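# Close look at the chain arrangement
Single-letter residue listing:
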Amino acid sequence: QNVSTNQMQPHRVRPDHFKGFDKNQIHKFYRDNDAVMEEKRRKAAEEAKREADWARHEAEMLRRMDEAEQLRQHRIAEDNRDYGNTL
């Protein structure tokens, strides 16, 4: 029987009798930590992809807006030439 655990609540440890963690507990801590770190890396990669997708979308929209503005300016110039020719 392990004296460092509380008999009423086995998940609790008595600090006055604590002798350290056993190897299995230490390995579980490392595995849990690795899982947390992997999840954090995965989320960071997803966020980076989302940011890159947004940047591409924004660049495409700016390109289209620029094309539309150039077309508008071209049409205005044509209309002005046509108007000048009719006078």
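Summarised in this report is the structure supplied together with it. (Residues numbered from 1 in each chain as written. Predicted model: local features only at pLDDT ≥ 70, side-chain atom pairs only at ≥ 80, totals over all residues. Heavy atoms only, no water.)

### Examining the overall build of the protein
The number of helices and strands found in the protein is 1 helix and 0 strands. Put simply, the protein has 87 residues, and 1% of those count as buried. Carbon and sulfur atoms form 56% of the exposed surface of the protein, whose accessible area is close to 8400 Å². (Helix = DSSP H or I, 4+ residues; strand = E, 2+ residues; numbered from the N terminus. Buried < 20%, exposed > 50% of the residue type's maximum accessible area, 1.4 Å probe, protein only. Areas by Shrake-Rupley, 256 points an atom, 1.4 Å probe, with all protein chains shown as cover.)

### With respect to a nonpolar patch on the surface
Taken together, Phe 21, Ile 26, Phe 29 and Tyr 30 make up a surface patch of nonpolar side chains, about 420 Å² in accessible area. Counting through the fold element by element, Phe 29 comes out in helix α1 (residues 23–86). (Patch = residues over 30% accessible without salt bridge, like charges linked within 9 Å, V, L, I, M, F, W, Y side chains within 5 Å. Salt bridge = Lys/Arg side-chain N within 4 Å of Asp/Glu carboxyl O.)

### Regarding the pattern of salt bridges
In total, this model carries 12 salt bridges according to the counting rule given. In this structure, Glu 46 and Arg 42 form a salt bridge, with 2.4 Å as the shortest nitrogen-oxygen distance. With Glu 46 and Arg 42 both in helix α1 and 4 residues apart, this pair spans about one turn of that helix. Glu 46 gets classed as partly exposed once you look at its relative accessible area, which sits at 38%. Its salt-bridge partner being Arg 56, residue Asp 53 comes within 2.2 Å of it at the nearest N-O pair. Of this pair, Asp 53 and Arg 56 both sit in helix α1, 3 residues apart, which is roughly one turn of the helix.

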